[in-house]
Amino acid sequence: DDQNNNTFLKHFIDTLTDNLAKSSNNFRYSNSIKNFALALFILGGKLTYEFIRLNLPGSLPHLSLLNSLISSSDSRISEGEFRFDQLQKHFDSLNVHYAFGSEDCTGIVKRIKYDSTTNAFTGFPSLLDRGVPIKSYYQTDSFDTLKLWFNSIDNASLLNMRIQKYLRAMRLMSGFLGALPNFQVHQHPQAFQIKIKSHWSWFYLREQQLLLFFQDPTHLVTKWRNRLLSATAELYIGNQSISINHLHDIIENDTYSKLDHGLTKSDINPKDRQNFSSCFKLTSNDLFNILNADDDTRGTLLYLRMLKMIIVAYIEKTTTIVERLRSAWCVVFFCRLWFTWVKFKTFYSTQTRKKNKSKYFITQAAYLSVEINAHNLLYLISLVKQKQLPPQALHIHIFNSQACESIFRNTRALSGIYSTIVNFTVHDFLRRAQRLSLLNEIKCKQLQNGSVDNLVFPIHYKHRVERQSSFTHSQREIDEIDIEQHNYSSQICNLNDEVFEIDDDNEEDETTNDLNMNEDNDDSSVNNDSTDEDEQNNARDLITTTKKDFSGVKVADKVQPHIEHTYFKVKLNHDTKFLHKQTACWLLTEDKSKLSNDRLLRVQQINK
């Protein structure tokens, strides 16, 4: 039917019927069928693919053909190899000249394996030549040499990856912190260049920069959060303390319910150092209102508001560029003011006893990241204002290393539906990453081709919303920004006149609390899936809350009769409401349950 736009389906049926008239040795498949087969094999796994192929004979090629297509593709990934040629070819096909680079690492199974495609052994730490890994270094035909390597070289425990994400008309930028030793940037013809006013003594970057650097904002906000939860820190802003105990008191306070603050004990667990989602809960307006109502918690409130500004500046997708700039530099000036107070405080304290000023301030890594990101953001905006880069260069929310994290998660997911092994060796990662690279190549070609028989790939509903809500700043909006007219210091939230005063109280060291935060604890095998525990013994007929608006949770004044069985009828502040049963589970859950993916650790955890 010529009116049918889904011509791939017609092509698929034609291939099946044509092959049924032939012997299995003479089956033929077009490129579109091969691409469909590869995508199905990568996404569904071997068992799913074979189940469909065996029950629809002639529709899909044999696994041997797929393995041949994978091994012969340009998507092959080797240890220590930078695929600059493929990158240039890919960018040329898209008419793209500039990109954003990101870097990250993950833990791997420490095991040596032989790679027959490169005739090399993988799993040893890569040797470097002037900072560049030497590809296929561990090649030998001598058993004694291999034995020597096993006895003298430790197996690699981490896998490091670098990814390029293209933005149209963008110059190369790097998402990882680094240095360029013995490199004269001002002599490089491709260096960025802006005009910096002479009175900008507070601006750290030079007029000419070859690369711009951003610390991953996800890591930055977790560092900021973890400092608040640290058992060794004694954070103060003047006479205002910054303490995890303020949050504990709110959770334990019967005056508030979970509807008021949205927190659980897991959100402020110091051992969970990678709990990024808790940062959004800690910066909710509901929690801010509770903290603001108590004069003794103003220091914690101010600290969390700075965390909120970091999220606004670098993570939220719909933030205007003016608000990004204002929020970023507000945090910088706040940190500088705080650091100045800490230095004065420690100097003042030397009359009685020497104090470690690092106990009173955020970590050096977090402070430097705040400074570096703000300066590079301002430099980037200046490039757009001076027409050296287009407004598309200001999609700040994508400047992170989460693309690397996504690759790590996806490679773990390719272990198969009946496999519980989510970790990998270097050899396993290279094999799985090649398939992901091939899948992305198929998707990219489908988007470029524009053919009517293109494959349609599912899009998660959250990604559809993100695409619809994303927007590009106009050049006019950028041109109207007057950097020097922004009063960033006024954004430091309602500091009273005494907030940075010195206390004359005795500054005895306090003993660490019973949280026992283990700085070296990194249980990378723990998953984040929460289980719904039966907490009905804590339920009461009357639920008290200070909230009036229940948007975001399933609380209704009335529901349709056919779904009324999925709700509880409860009293919220003496008003009859319908509370969804899953929302009730969330409301009564005080802690997020975790179970290790490692069998031994899982058994030990259950026995406890």
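The coordinates are above.
Computed from a predicted structure; not experimentally measured.

Caption draft 1: Focus on helix α10 (residues 285-292). Every buried residue of α10 is accounted for by Leu-287, Phe-288, Ile-290 and Leu-291. Buried positions in α10, seen along its axis, are confined to an arc of 160° and lie on one side of it. The exposed residues of α10 that point more than 90 degrees off its buried face are Asn-285 and Asn-289. Buried residues along α10 sit against α7 (244-252), α8 (258-261), α9 (277-282) and α11 (298-314).

Caption draft 2: Up close: a nonpolar patch on the surface. Taken together, the side chains of Leu-47, Ile-417 and Tyr-418 define a hydrophobic patch exposed on the protein surface, amounting to about 410 Å² of accessible area. By relative accessible area, Tyr-418 is classed as exposed at 72%.

Caption draft 3: Up close: the packing of helix α2 (residues 31-55) against helix α15 (residues 426-449). Two elements in contact, α2 and α15, have axes separated by 10 Å at closest approach and are oriented at 135°. Relative to α15, the element α2 is oriented oblique. For the element pair α2 and α15, the recorded crossing hand is left-handed. Residues Asn-35, Leu-38, Ala-39, Phe-41, Ile-42 and Leu-43 of α2 form the contact with α15, whose own contacting residues are Arg-435, Leu-438, Leu-439, Ile-442 and Gln-446. Looking at side-chain class alone, the contact of α2 with α15 contains eight nonpolar, two polar and one charged residues.

Caption draft 4: Focus on the packing of helix α6 (residues 217-229) against α11. Where α6 contacts α11, the axes come no closer than 10 Å and their chain directions differ by 175°. With respect to their mutual orientation, α6 and α11 come out roughly antiparallel. Together, Pro-217, Leu-220, Val-221, Trp-224, Arg-227 and Leu-228 of α6 and Tyr-303, Leu-304, Met-306, Leu-307, Ile-310, Ile-311 and Tyr-314 of α11 make up the contact between the two elements. Looking at side-chain class alone, the contact of α6 with α11 contains 12 nonpolar, no polar and one charged residues.

Caption draft 5: Quick look at the pattern of salt bridges. Here the structure, examined in full by the defined rule, presents 17 salt bridges. A salt bridge links Lys-265 to Glu-252; the nearest nitrogen and oxygen atoms lie 3.5 Å apart. Taken together, the positions of Lys-265 in the loop between α8 and α9 and Glu-252 in helix α7 put the pair 13 residues apart, joining distant regions of the chain. Here Asp-286 ties to Lys-547 by a salt bridge, and the two come within 3.2 Å at their closest N and O atoms. Of this pair, Asp-286 sits in helix α10 while Lys-547 sits in the loop between β12 (542-543) and β13 (555-556), and the two are 261 residues apart along the sequence. With relative accessibility at 27%, the residue Asp-286 sits in the partly exposed group. We classify Lys-547 as buried; its relative accessible area is 16%.

Caption draft 6: Representation of the environment of Ile-134. On the secondary structure map, Ile-134 appears in the loop between β5 (132-133) and α5 (143-152). Between the C-alpha atom of Ile-134 and that of Gly-80, which follows or precedes it by 54 residues, the distance is 6.0 Å. Residues contacting Ile-134, with those up to four places away along its chain left out, are Leu-127, Leu-128 and Asp-129.

Caption draft 7: Broad picture of the sheet that holds strand β14 (residues 567-572). Across the sheet, four strands lie side by side as β12-β14-β15-β13; this open sheet has mixed pairing. Each edge of the open sheet is held by one strand with a lone partner, namely β12 and β13. Note that β13 and strand β15 (residues 575-580) share two bridges and pair antiparallel. Paired with Ala-556 across the bridge in β15 is Phe-578.

Caption draft 8: Layout of the packing of aromatic side chains. Counting across every chain of the model gives 28 aromatic pairs. The interplanar angle of 85° and the centroid separation of 5.1 Å between the aromatic rings of Tyr-137 and Tyr-138 together place this pair among those described as edge-to-face. Judged by relative accessible area, Tyr-138 falls into the buried class, the value being 6%. These aromatic residues form a ring-pair network of at least three members: Trp-224, Tyr-303, Phe-334, Trp-338, Phe-339, Phe-361 and Tyr-367. Between the NZ or CZ atom of Arg-305 and the centre of the ring of Phe-288, over which it lies, the distance is 5.9 Å. Sitting over the face of the ring of Phe-568, Lys-581 holds its NZ or CZ atom 5.5 Å from the ring centroid.

The rules behind these values
- Residues numbered from 1 in each chain as written.
- Predicted model: local features only at pLDDT ≥ 70, side-chain atom pairs only at ≥ 80, totals over all residues.
- Heavy atoms only, no water.
- Buried < 20%, exposed > 50% of the residue type's maximum accessible area, 1.4 Å probe, protein only.
- Helix = DSSP H or I, 4+ residues; strand = E, 2+ residues; numbered from the N terminus.
- Arc of directions from axis to C-beta.
- Contact = heavy atoms within 4.5 Å.
- Patch = residues over 30% accessible without salt bridge, like charges linked within 9 Å, V, L, I, M, F, W, Y side chains within 5 Å.
- Areas by Shrake-Rupley, 256 points an atom, 1.4 Å probe, with all protein chains shown as cover.
- Salt bridge = Lys/Arg side-chain N within 4 Å of Asp/Glu carboxyl O.
- Axes fitted to C-alpha atoms, helices over the stretch in contact; angles between N-to-C directions.
- Parallel < 35°, antiparallel > 145°, perpendicular 65-115°, else oblique.
- Left-handed = near helix turned anticlockwise from the far one by under 90°.
- Nonpolar A, V, L, I, M, F, W, Y, C, P; charged D, E, K, R; others polar.
- Pairing = 2+ DSSP bridges.
- Phe/Tyr/Trp six-rings, centres within 6.5 Å; stacked < 30°, edge-to-face > 60°.
- Lys NZ or Arg CZ within 6 Å of the ring centre and 35° of its normal.

These results come straight from atomic positions and should not be treated as a statement about function.
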